[in-house]
Amino acid sequence: MQELHDAPLAPLTTFRLGGPAVRLVTATTDEEVIAVVREADAAGTPLLIIGGGSNLVIGDKGFDGTALRIATKGFRLEGTALELAAGEVWTDAVARTVEAGLAGIECLAGIPGSAGATPIQNVGAYGQEVSATITEVVAYDRRTDETVTLTNAECAFSYRHSRFKEHPDRYVVLRVRFALEDAGGLSAPLKYPETARALGVEAGDRVPAAAARETVLRLRAGKGMVLDPEDHDTWSAGSFFTNPILDAAQYEAFLGRVRSRLGADVTPPAFPAGEGLVKTSAAWLIDKAGFTKGYGSGPARISTKHTLALTNRGEATTEDLLALAREVVAGVRDAFGITLVNEPVTVGVEI
């Protein structure tokens, strides 16, 4: 277990932003993780959990407490049952399951961050969400001071949400268990039209899992969504805003705004999101509100590859990023009456 004081946190985030922590501890076993959490809780010290840092916006003043970096390792595959330690690099784990000929998370390739973060956010992309394959999550419960195992149902998964996100100061994820599928080396049925088109098949078809993974990686890279230290479009948190989910009245009001602003022949993206609910596209809203790819003149700008990513062009501060985020939120609200919600966790700042 490594301990540093007045430690920079920016290098631990994909934004490369944020001030230092009073104390930074790197834990490599579940026992070390629990010991650090217990110590901080007993002393009343603020605690920040860091995994891959891909969903984190830390204020320029840093963190006045203990930052705990979870660097645990563990990849166990027995048949189609997979268990990952929280500190495992997610995209590497996906690659290993595809190499083993298993399906279920192949379309989640290229997503930066650690395995332990995936159930918190119910990570999803290209037609897959981890909630479809997670069977159990092992976590340390700070309220009861014990290690608990939560079933899929107990995790209360929904779109980019979970029990862990609902109670961010209660649970520390230690291990995540999945049930994958042996489909003879084929992928799960493709649900995302863009992926199917890129592979030359129909939605619902299966393809070799390796081909699905490689296609997703190529699609993500084209949008600046695969980490590359030389590409400032990837100095981001990926999708900065979640796709809005609207009830019937909100959706009708939204359509009225679209007709008024863009014309009666324009139809915004719309996807079923449960009984009486419709999900629309945050990227579409941002673009149609006037924030196109590459928008901005300062050190924080919208990605040149994808309107949903806000990026650090190399010299940005967290305040630069937040100013851009606030401008986008205000512009979309003024244009369409919808308030975008940020996906990354903010530390010491608010949008």
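One can find the structure itself at the top, above this paragraph.
### Here we look at the sheet that holds strand S5 (residues 63-70)
Here we have four strands laid out as an open sheet, ordered S1-S2-S5-S3, and mixed in their pairing. The sheet is open, and its two borders are formed by strand S1 (2-8) and strand S3 (47-50), each paired with just one other strand. If you compare each strand with its neighbour and ignore which way they point, the axes differ by 25° on average. As paired strands, strand S2 (residues 20-27) and S5 are joined by six bridges and run parallel to one another. Within S5, the position partnered with Thr26 by the bridge is Arg69.

### Digging into the pairing of strand S13 (residues 171-179)
Within S13, seven of the nine residues are buried, leaving the element largely enclosed by the surrounding structure. Pairing of strand S7 (residues 81-85) with S13 involves five bridges; the strand directions are antiparallel. The residue bridging Ala81 from the neighbouring strand is Ala179, located in S13. Bridge count for strand S11 (residues 134-141) against S13 is seven bridges, and the pairing is antiparallel. Its bridge partner lying in S13, Val138 is registered against Arg175.

### Quick word on helix H7 (residues 248-262)
Spanning 15 residues, H7 covers 21 Å between terminal C-alpha atoms, matching the ideal 21 Å at 1.5 Å per step. Among the residues making up H7, those that are buried are Tyr251, Phe254, Leu255 and Val258. In an axial view of H7, the angular spread of the buried residues amounts to 105°, which keeps them on one side of the axis. Away from its buried face, by an angle of more than 90 degrees, H7 presents the exposed residues Ala249 and Ser260. Its buried side turned inward, H7 meets strand S15 (245-247), strand S17 (277-279), helix H8 (282-288) and helix H9 (318-336). For H7, the N-terminal cap is Asp247; the gap from its side-chain oxygen to the backbone nitrogen of Ala249 is 3.2 Å. Looking at the residues trailing H7, positive phi occurs at Gly263, about 110°.

### Details of the nonpolar core
In terms of nonpolar packing, the biggest core is built from 36 residues, with Phe241, Phe254, Ile286, Val328 and Leu340 touching the most fellow members. Elements with a minimum of two residues in this core: H7, H8, strand S18 (300-302) and H9. Of the residues forming this core, the biggest block, nine residues, is contributed by H9. Beyond its immediate stretch of four places on either side in the chain, Leu340 contacts Phe241, Thr242, Pro244, Ala282, Leu285, Ile286, Val328, Val329 and Val332. Within the second largest apolar cluster, 34 residues are counted, among which are Leu102, Val123, Ile134 and Phe178.

### What about the pattern of salt bridges?
Using the criterion set out here, one finds 18 salt bridges in the structure. The shortest N-O distance in the salt bridge between Glu83 and Arg177 comes to 2.7 Å. Here Glu83, found in strand S7, pairs with Arg177, found in strand S13; they are 94 residues apart in sequence, far enough to count as distant. Under the relative-accessibility criterion, Glu83 is labelled buried at 9%. Looking at Arg177, the relative accessible area reads 25%, which means it is partly exposed. Across the salt bridge formed by Arg206 and Glu181, the nearest N and O atoms sit 2.9 Å from each other. You can see Arg206 sitting in the loop between helix H5 (193-199) and helix H6 (209-222) and its partner Glu181 sitting in strand S14 (residues 181-182), a full 25 residues away along the chain. Residue Arg206 is classed as partly exposed on the basis of its relative accessible area, which comes to 34%. Residues joined in a network through salt bridges with shared partners are Asp30, Arg76, Glu78, Glu83, Glu136, Arg175 and Arg177.

### Examining H6
Compared with an ideal rise of 1.5 Å per residue, which puts 14 residues at 20 Å, H6 spans 20 Å between its outermost C-alpha atoms and is within 8% of the ideal. Taken as a whole, H6 has its buried residues at Ala209, Ala212, Thr215, Val216, Leu219 and Arg220. One side of H6 holds all its buried residues, which, seen down the axis, span an arc of 135°. For H6, the secondary structure elements touched by its buried residues are helix H2 (90-99), strand S8 (102-103), strand S9 (124-125) and H5. In the stretch just after H6, Gly224 is the one whose phi turns positive, near 70°.

The rules behind these values
- Residues numbered from 1 in each chain as written.
- Predicted model: local features only at pLDDT ≥ 70, side-chain atom pairs only at ≥ 80, totals over all residues.
- Heavy atoms only, no water.
- Pairing = 2+ DSSP bridges.
- Helix = DSSP H or I, 4+ residues; strand = E, 2+ residues; numbered from the N terminus.
- Axes fitted to C-alpha atoms, helices over the stretch in contact; angles between N-to-C directions.
- Buried < 20%, exposed > 50% of the residue type's maximum accessible area, 1.4 Å probe, protein only.
- Expected span 1.5 Å × (residues − 1).
- Arc of directions from axis to C-beta.
- Contact = heavy atoms within 4.5 Å.
- Polar contact = N/O pair within 3.5 Å; in protein donor to acceptor, adjacent residues only side chain to side chain.
- Core = buried A, V, L, I, M, F, W, Y, C linked by side-chain atoms within 4.5 Å.
- Salt bridge = Lys/Arg side-chain N within 4 Å of Asp/Glu carboxyl O.

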